[in-house]
Amino acid sequence: MRTDYDVAVVGGGLLGSAIAWGLGRLGKRVAVLDEGDITKRASRANFALVWVQSKGLGMPAYTVWTVHASQAWGRLALELKQQTGLDVALQQNGGFHLTLGDDEFGQRTELVKRMHNQTGAADYKMEMLSASEVKKSLPLIGPEVSGGSYCPLDGHVNSLRTFRAFHTGFRAFGIDYFPERPVSAISKSGGEFRLATPKGELRAAKIVLAAGNANQTLAPMVGLYAPMGPTRGQIVVTERTMPFLPHPLTTIRQTDEGTVMIGDSKEDELDDRALKHSISAVMTDRAQRMFPHLSRLNVVRSWAGIRVMPQDGFPIYDQSETHPGAFVACCHSGVTLASNHAFEIARMVAQGALEPELVGAFSASRFGGAGAANNSGY
Ligand SMILES: Cc1cc2nc3c(=O)[nH]c(=O)nc-3n(C[C@H](O)[C@H](O)[C@H](O)COP(=O)(O)OP(=O)(O)OC[C@H]3O[C@@H](n4cnc5c(N)ncnc54)[C@H](O)[C@@H]3O)c2cc1C
């Protein structure tokens, strides 16, 4: 392994890949160290929304950060296409959260009010629509749909293709990707970080810990803190069907290939192998009540994934005081925030310091006090 890297990124999931790609784009010499292919990765299990509405209740800075990401996503998709030829199928023409029955409509209306009443949050024009207003955009909704919320900044993408595009981009930028190199220890001496792996030591001037839930154990090695409380989510995928859903929903989206993805369960359990059919049944039942014609489709696959979930649901970006040059990055919504990671976080790491005005609110120092309510949403 080469030892003369500007930055070593620990973790090759969506966060590590976006940050490494962004650093390569700035001309930095970058190494990405990752575990083996069979490890749990949120980046291969997600629902792929680029989602703004309902983000940031309890932390207005997160709303601002998410809106910033949504607005930068087009540029990211374009740069990836120009560099790799891969179209990540970004669609950003607004998204819905549909409600079934009056109670759900009332609860959603209350949430929208609370979001709008927050001071300091970006205005992203989330609004409640009646069932007849929703029907103008989504003509196939069923009679139980009572309405829903809509936000024009919401969208979705092909997240696996995005992941692949970042890795394809690594080659063009000369980034070294090292799979099968789980980092077990980190030290700093002679102005360099030394990362211990089963295949030898790698040295770099700076490090970014982007190892998902493993950040919890890696961060303290360099004086950082990343408290996590991971949750599990299940997703059901149908066979391909005619285009019927021109906008993604929080819980249903139609991919560019025609399949319908149904998702957004949240469980405390951390086993991503055992699928719970009771959960799939609830999700598919709700989906069919929203769009009755879905009952004619076959389910072709289903999976569970473990989210990377900081303790209060909001991102953690921090830099070490005891080990200058060490950074940590972890969050839920790593698809949505990929543009921020590629452009903003990479730029700050390259410059050597996080900018408080952009990401100061996300320092783990906030866990010294009471955490905000868990409200990450998608
Ligand atoms: C069911 C589900 C639905 C989701 N839906 C959405 C959505 O719609 N929109 C959205 O924006 N986000 C969504 N997410 C969240 C999103 O997928 C994650 O935020 C994102 O994938 C996190 O990426 P990551 O790189 O931090 O973590 P991971 O993908 O978990 O990657 C971490 C990487 O670190 C590596 N690693 C771990 N330990 C070490 C070590 N010691 N040394 C080296 N490497 C190590 C692992 O092998 C892995 O490759 C969803 C997640 C799930 C599970």
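Note that this is a predicted model, so its numbers are computed, not measured.

Student: I tried to follow the sheet that holds strand S4 (residues 95-100) on my own but got confused; where do I start?
Tutor: Where strands meet in a sheet, backbone hydrogen bonds hold them as pairs that are either parallel or antiparallel. Here we have 3 strands laid out as an open sheet, ordered S4-S6-S5, and antiparallel in their pairing. Two strands close off the open sheet at either side, each with one partner strand: S4 and strand S5 (127-130). Ignoring which end each strand starts from, the neighbouring axes of this sheet average 30 degrees apart. Pairing analysis gives 4 bridges linking S5 to strand S6 (residues 145-151), with the strands arranged antiparallel. Residue pairing for S6: serine 130 is matched across the bridge by glycine 147. Strands in contact with helix H3 (residues 101-117) are S4, S5 and S6; relative to S4, the strand with the most contacts, it is inclined by about 135 degrees.

Student: Looking at this structure, I do not really get the confidence of the model for the chain. What am I missing?
Tutor: When pLDDT drops low, the exact placement of atoms in the prediction is not to be read closely. Summing up the model confidence of the chain, the mean pLDDT is 93 and the portion of residues at 70 or higher is 97%. Counting interchain partners and residues more than four positions distant, the pLDDT-below-50 stretch residues 369-378 has 31 contacts.

Student: Could you clarify how one ought to interpret the nonpolar core in this entry?
Tutor: Ranked by internal contacts, the top residues of the largest apolar core, which has 49 residues, are Val9, Leu23, Leu76 and Tyr317. Mapped by element, the contributors of at least two residues to this core are strand S1 (5-10), helix H1 (14-25), strand S2 (30-33), helix H2 (60-84), helix H5 (159-173), strand S17 (326-330) and helix H8 (338-351). Setting aside residues no more than four positions away along its own chain, tyrosine 317 makes contact with Trp65, Val328, Ala329, Leu337, His341, Ile345, Leu354, Val359, Phe362 and Ser363. Core analysis: the next-biggest nonpolar cluster, separate from the first, contains 27 residues, Ala8, Ala31, Val222 and Ala364 among them.

Student: Any chance you could explain H2 here in plain terms?
Tutor: The periodicity of an α-helix, 3.6 residues per turn, causes residues three or four places apart in sequence to face the same way. Helix length check: H2 (25 residues) gives 35 Å between terminal C-alpha atoms against 36 Å at 1.5 Å per residue, within 8%. Considering bend angle alone, the principal kink of H2 is centred on alanine 72 and spans about 40 degrees.

Student: For this particular structure, what's the right way to read the pattern of salt bridges?
Tutor: If the charged atoms of two oppositely charged side chains come close together, the side chains can form a pair. Going through the model one piece at a time under the given rule, you end up with 20 salt bridges. Across the pair aspartate 34 and arginine 41 runs a salt bridge, and its minimum N-O distance is 2.7 Å. Here aspartate 34 matches arginine 41 in class, with each residue buried. The partner of arginine 289 in a salt bridge is aspartate 285, with the nearest N and O atoms 3.6 Å apart.

Student: It is not clear to me how unusual backbone geometry should be interpreted in this structure. Could you clarify?
Tutor: Across the chain, the bulk of peptide bonds are trans and the bulk of non-glycine residues have phi less than zero. At alanine 48, a residue that is not glycine, the phi angle is positive and equals roughly 75 degrees. Residue position: alanine 48 is located in the loop between S2 and strand S3 (49-50). The exposure class assigned to alanine 48 is buried, which follows from its relative accessible area of 3%. With phi around 55 degrees, lysine 125 is a residue other than glycine that occupies positive phi space. For lysine 125, the position within the fold is in the loop between H3 and S5.

Student: Please clarify how the site of the ligand should be interpreted in this entry.
Tutor: If you check the shell around the ligand, you find 39 residues, and the closest are Asp34, Arg41, Ser43, Gly334 and Thr336. Residue valine 183 places a main-chain N or O atom 2.9 Å away from a nitrogen atom belonging to the ligand. Starting from 1000 Å² of accessible surface for the ligand in isolation, the protein chains cover 97%. Residue composition of the shell around the ligand, by class: 20 nonpolar, 13 polar and 6 charged.

Student: Whenever I open this one, the UniProt feature "domain: FAD dependent oxidoreductase" (unreviewed entry) in the chain confuses me. Can you help?
Tutor: Per the UniProt record, "domain: FAD dependent oxidoreductase" (unreviewed entry) is found at residues 6-346. Helix makes up 30% of residues 6-346 and strand 25%, with an end-to-end C-alpha separation of 12 Å.

Reading the values: the criteria
- Residues numbered from 1 in each chain as written.
- Predicted model: local features only at pLDDT ≥ 70, side-chain atom pairs only at ≥ 80, totals over all residues.
- Heavy atoms only, no water.
- Pairing = 2+ DSSP bridges.
- Helix = DSSP H or I, 4+ residues; strand = E, 2+ residues; numbered from the N terminus.
- Axes fitted to C-alpha atoms, helices over the stretch in contact; angles between N-to-C directions.
- Contact = heavy atoms within 4.5 Å.
- pLDDT = per-residue confidence, 0-100.
- Core = buried A, V, L, I, M, F, W, Y, C linked by side-chain atoms within 4.5 Å.
- Buried < 20%, exposed > 50% of the residue type's maximum accessible area, 1.4 Å probe, protein only.
- Expected span 1.5 Å × (residues − 1).
- Bend = angle between axes of the 7 residues up to and from the residue.
- Salt bridge = Lys/Arg side-chain N within 4 Å of Asp/Glu carboxyl O.
- Near = heavy atom within 4 Å.
- Polar contact = N/O pair within 3.5 Å; in protein donor to acceptor, adjacent residues only side chain to side chain.
- Areas by Shrake-Rupley, 256 points an atom, 1.4 Å probe, with all protein chains shown as cover.
- Nonpolar A, V, L, I, M, F, W, Y, C, P; charged D, E, K, R; others polar.
- UniProt positions renumbered as here; feature names shortened; annotations may be inferred.

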